[in-house]
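Results of the structural survey
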Amino acid sequence: MISALGPEGFAELFPVSRETLARLEAYAELLTHWSARINLIGRDTLPDLWRRHILDSAQLRRLIPNSARSLIDLGSGAGLPGLVLAILGVPGVELVEADSRKAAFLREAARVAAAEVAIRPCRIQAVPTHPVDVVTARACAPLDRLLDLAASFLAPDTLCLFPKGERFNEELTLARKGWTMNVSVEQSLSDRRGVVLRLQQVAREPDQA
């Protein structure tokens, strides 16, 4: 059995400055505290919070180009991965979360972790259309539905980063019925059964538009 990961173990796998690690620790502490009251993350994942959630989100940082200036995180929930990426220095992060209690958590977490983010407390469909450099989403929806939700934010050069589980191939097969895309599959650092789907040049099939 793999032992639980803590802040020091995280920093060995994903080196960050002492200040950044302290901000991640403040976020993790708040997440643990609030999870006792509202459903932010699965209770059974709390003992391994740093692996299951912090590392799982942070790993996307390495896949984001330094030139990226805008990122939208769909169905952000507890701020995973969007808020973690903002703490790690990704600029122009927007967190979209319709649940008012989760949005309240995001506001407090952004304050505690000194993370510069814009919080959109509404449904994804209510966010005004605007292209971004990067779209992220974690445990939000199956890929075909996720691309429908992301469509308002896609430009020809937008990068989509979606952590997925071991059935990702089934989701890709279904999504390709309505979408064209260049796909690369990155092995997850946090779960040997998981992957990160890296999608580029995402476009709806002409007969699906």
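A brief look at the structure comes next. In this text, all values refer to a predicted model and were calculated from it rather than measured experimentally.

What counts, and at which threshold
Residues numbered from 1 in each chain as written. Predicted model: local features only at pLDDT ≥ 70, side-chain atom pairs only at ≥ 80, totals over all residues. Heavy atoms only, no water. Patch = residues over 30% accessible without salt bridge, like charges linked within 9 Å, V, L, I, M, F, W, Y side chains within 5 Å. Areas by Shrake-Rupley, 256 points an atom, 1.4 Å probe, with all protein chains shown as cover. Salt bridge = Lys/Arg side-chain N within 4 Å of Asp/Glu carboxyl O. Lys, Arg positive; Asp, Glu negative; His and termini not counted. Charge placed at Lys NZ, Arg CZ, Asp CG, Glu CD. Helix = DSSP H or I, 4+ residues; strand = E, 2+ residues; numbered from the N terminus. Buried < 20%, exposed > 50% of the residue type's maximum accessible area, 1.4 Å probe, protein only. Phe/Tyr/Trp six-rings, centres within 6.5 Å; stacked < 30°, edge-to-face > 60°. Lys NZ or Arg CZ within 6 Å of the ring centre and 35° of its normal. Axes fitted to C-alpha atoms, helices over the stretch in contact; angles between N-to-C directions. Parallel < 35°, antiparallel > 145°, perpendicular 65-115°, else oblique. Left-handed = near helix turned anticlockwise from the far one by under 90°. Contact = heavy atoms within 4.5 Å. Nonpolar A, V, L, I, M, F, W, Y, C, P; charged D, E, K, R; others polar. Pairing = 2+ DSSP bridges. Right-handed = clockwise from strand over helix to strand, strands pointing away.

Time to look at a negative patch on the surface. A surface patch of negative charge is lined by Glu8, Glu12, Glu25 and Glu29. Elements that contribute at least two residues to the negative patch include exactly helix 1 (7-13) and helix 2 (18-35). Within the fold, Glu25 resides in helix 2.

Another point: the pattern of salt bridges. Here the idea is simple: oppositely charged side chains can pair when their charged atoms come close. In total, this model carries eight salt bridges according to the counting rule given. Arg138 serves as the salt-bridge partner of Asp56, at 2.7 Å between the closest nitrogen and oxygen. In this pair, Asp56 is assigned in helix 3 (residues 49-58) and Arg138 in the loop between strand 4 (134-137) and helix 6 (143-150), connecting sequence segments 82 residues apart. With relative accessibility at 11%, the residue Asp56 sits in the buried group.

With that settled, consider the packing of aromatic side chains. Centre distance and the angle of the planes are the two values used to describe a pair of aromatic rings. Inspection of the entire model under this criterion finds four aromatic pairs. For the ring pair Phe10 and Trp50, a centre distance of 5.4 Å and an interplane angle of 55° mean the geometry is tilted. Pair noted here: Phe10 is in helix 1 and Trp50 is in helix 3, with a separation of 40 residues, a long-range link. Seen in terms of ring centroids, Tyr27 and Phe105 are 6.3 Å apart; in terms of plane orientation they differ by 50°. Their pairing is tilted. With a gap of 78 residues between them, Tyr27 in helix 2 and Phe105 in helix 5 (residues 100-112) connect regions that are remote in the sequence. For Tyr27, a relative accessible area of 0% gives the class buried. Given the relative accessible area of 0%, Phe105 is considered buried. Through a chain of ring-to-ring contacts, the aromatic side chains of Phe10, Phe14 and Trp50 assemble into a single cluster. Stacked on the ring of Trp34, the Lys or Arg Arg37 has its end atom at 4.8 Å from the ring centre.

Let's shift gears to the packing of helix 2 against helix 5. Relative to each other, helix 2 and helix 5 sit at 150°, their axes nearing to 9 Å. Classified by the angle between their axes, helix 2 and helix 5 sit roughly antiparallel to one another. The element helix 2 and its partner helix 5 pack so that their crossing is right-handed. In contact with Ala26, Tyr27, Leu30, Leu31 and Trp34 of helix 2, helix 5 contributes Arg101, Ala104, Phe105, Glu108, Ala109 and Val112. For the contact of helix 2 with helix 5, a count of residues per class yields nine nonpolar, no polar and two charged.

To continue, consider the pairing of strand 1 (residues 71-74). Residues of strand 1 alternate between two faces, with Leu71 and Asp73 on one and Ile72 and Leu74 on the opposite face, all of them buried. As paired elements, strand 1 and strand 2 (residues 93-96) share four bridges and run parallel to each other. Bridge pairing in strand 2 places Ile72 opposite Glu94. Tracing the backbone out of strand 1, into helix 4 (residues 82-87) and back to the parallel element strand 2 gives a crossover that is right-handed.

Moving on to the packing of helix 2 against helix 3. The description of two helices packed together rests on the angle between their axes and the distance between the axes. At their nearest, the axes of helix 2 and helix 3 sit 12 Å apart, and the two run at 120° to each other. Considered as vectors, helix 2 and helix 3 are oriented oblique to each other. Considering only the axes of helix 2 and helix 3, their crossing is right-handed. Contact residues: helix 2 offers Leu21, Leu24, Glu25, Tyr27, Ala28, Leu31 and Thr32, while helix 3 offers Leu49, Trp50 and Ile54. Residues belonging to the contact of helix 2 with helix 3 are distributed by class as follows: eight nonpolar, one polar and one charged.

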